[in-house]
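Notes for the structure review
The primary structure of each chain is shown beneath.
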Amino acid sequence: MSNIQIPPGLTELLQGYTVEVLRRRPPDLVEFAVDYFTRLREARAQASSPPAAPPSGSQDREPGPGLVADADSETEDEEDLDVPIPSRFDRRVSVCAESYNPDEEEEDTDPRVIHPKTDEQRCRLQEACKDILLFKNLDQEQLSEVLDAMFERIVKVDEHVIDQGDDGDNFYVIERGTYDILVTKDNQTRCVGQYDNRGSFGELALMYNTPRAATIVATSEGSLWGLDRVTFRRIIVKNNAKKRRMFESFIESVPLLKSLEVSERMKIVDVIAEKSYKDGERIITQGEKADCFYIIESGEVSILIRSKTKANKDDGNQEVEIARCHKGQYFGELALVTNKPRAASAYAVGDVKCLVMDVQAFERLLGPCMDIMKRNISHYEEQLVKMFGSSLDLIDPGQ
């Protein structure tokens, strides 16, 4: 190998590129390299030819969608290599080469994306985002930056918001409208779920640099709030890395999840949120529509059900305890598996911390565990028969 010589100028060439990468911190190194070396070649060609007017592309560059705080001046843009902010609706060509390690990110040097909003829009956006689990662990400054960067997208009936197989460009929060989740496998497309005027989608492709796993089609007119890929990864993914370090060892110890691959468990860590409850606080209510699944991180939870034959002092149906759940156990899955209202209520016994997963993430990520949970349904029925003599003694959860 000693006879290999480094070509003259290679070291300086790569040093210049490396400095620009470190200074600009581009999201896609391959696209940045193509742009950098193309401009370098054009500059060299201009230097070896008579002076000419600057190329029209440098003057007619299309501005990014929205305002960018602390943006460079026009003079600086002409002198420095410019990395434009991705358009809100433009599809990315490829993300396969994109590298991002949130554990290595130490300082935030990216320009801040801001889409101006009226007070009315801001209020609607805050209302739509208040129950989004991915935002629950953000501090106030991070949440404010995320809301500033979000933009409104109005959709029409039958409009495809995202398509299976596409690269991820935006994360979406639903303000209003209904949407079908379609998955194509073996040339057959089937509907695997719906969104009804709330929820969010599109995060997994952005987190893991994978193609879209499903197609989302609007079945009514609606309104969405989008968050661009760069801001999502810089704030949400980085924050999730901290959460992952906190929760991954606990998630690995949950018996229900042991059948999952490590990568599948890590996806669960990325979409859960932590909630705390005081002694006696009701966590779920019998008869209500199910929207979340719970894993107990610490403390104890009492599961109670209303009986037809036992009345309390107010002549109401008495709640009877049927189970106690402890650290590592889960509850709230029955209504999600059966698509029925909550069959029981759950109360905190002492201070309790739960990891919470919304129904959309539950359906997407816990498919491999569904057989285990369905087997538990018959176990619940056996418990109820032992306690009441018959499952007919139970109040219908919808009443």
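Everything in this summary refers to the structure shown in the same document.

Conventions and cut-offs
Residues numbered from 1 in each chain as written. Predicted model: local features only at pLDDT ≥ 70, side-chain atom pairs only at ≥ 80, totals over all residues. Heavy atoms only, no water. Phe/Tyr/Trp six-rings, centres within 6.5 Å; stacked < 30°, edge-to-face > 60°. Helix = DSSP H or I, 4+ residues; strand = E, 2+ residues; numbered from the N terminus. Lys NZ or Arg CZ within 6 Å of the ring centre and 35° of its normal. Core = buried A, V, L, I, M, F, W, Y, C linked by side-chain atoms within 4.5 Å. Buried < 20%, exposed > 50% of the residue type's maximum accessible area, 1.4 Å probe, protein only. Pairing = 2+ DSSP bridges. Axes fitted to C-alpha atoms, helices over the stretch in contact; angles between N-to-C directions.

With that settled, consider the packing of aromatic side chains. Within the structure shown, the criterion is met by eight aromatic pairs. Considering the side-chain rings of Phe171 and Phe232, the 5.3 Å spacing of their centres and the 45° angle between planes classify their relative orientation as tilted. Residue Phe171 is found in strand 5 (residues 170-176), and its partner Phe232 is found in helix 8 (residues 229-253); the two are separated by 61 residues along the sequence. Feature note: the residues Tyr172, Tyr179, Tyr195 and Phe201 constitute an aromatic cluster, connected by ring pairs. In this arrangement the basic side chain of Lys267 is found over the ring face of Tyr208, its NZ or CZ atom lying 5.5 Å from the centre.

With that settled, consider the nonpolar core. Core analysis: the biggest nonpolar cluster contains 52 residues, and Phe135, Met150, Leu257, Phe293, Leu366 and Met373 have the highest contact counts within it. A total of seven residues in this core trace back to one element, the largest contributor, which is helix 8. Residues Ile283, Cys292, Ala344 and Val356 belong to the second largest nonpolar core, which totals 18 residues.

With that out of the way, let us pick up the pairing of strand 5. Counted residue by residue, strand 5 has six buried out of seven residues, so it is predominantly covered. With six bridges joining them, strand 5 and strand 10 (residues 222-228) adopt antiparallel strand pairing. Looking at the pairing, Ile174 lines up with Leu224 of strand 10. In terms of strand pairing, strand 5 meets strand 8 (residues 200-201) through two bridges, oriented antiparallel. Considered in strand 8, the bridge of Tyr172 is made with Phe201.

Note on sheets: strands pair through backbone hydrogen bonds, and any given pair is parallel or antiparallel. Taken in spatial order, the four strands line up as 4-9-6-7 in an open sheet, and their pairing is antiparallel. The open sheet is flanked by strand 4 (160-162) and strand 7 (188-196), the only strands paired with a single partner. When strand polarity is set aside, the average angle formed by the axes of neighbouring strands in this sheet is 30°. Where strand 6 (residues 178-185) and strand 9 (residues 215-218) come together, four bridges link them in antiparallel fashion. Along strand 9, the bridge assignment pairs Asp180 with Val217.

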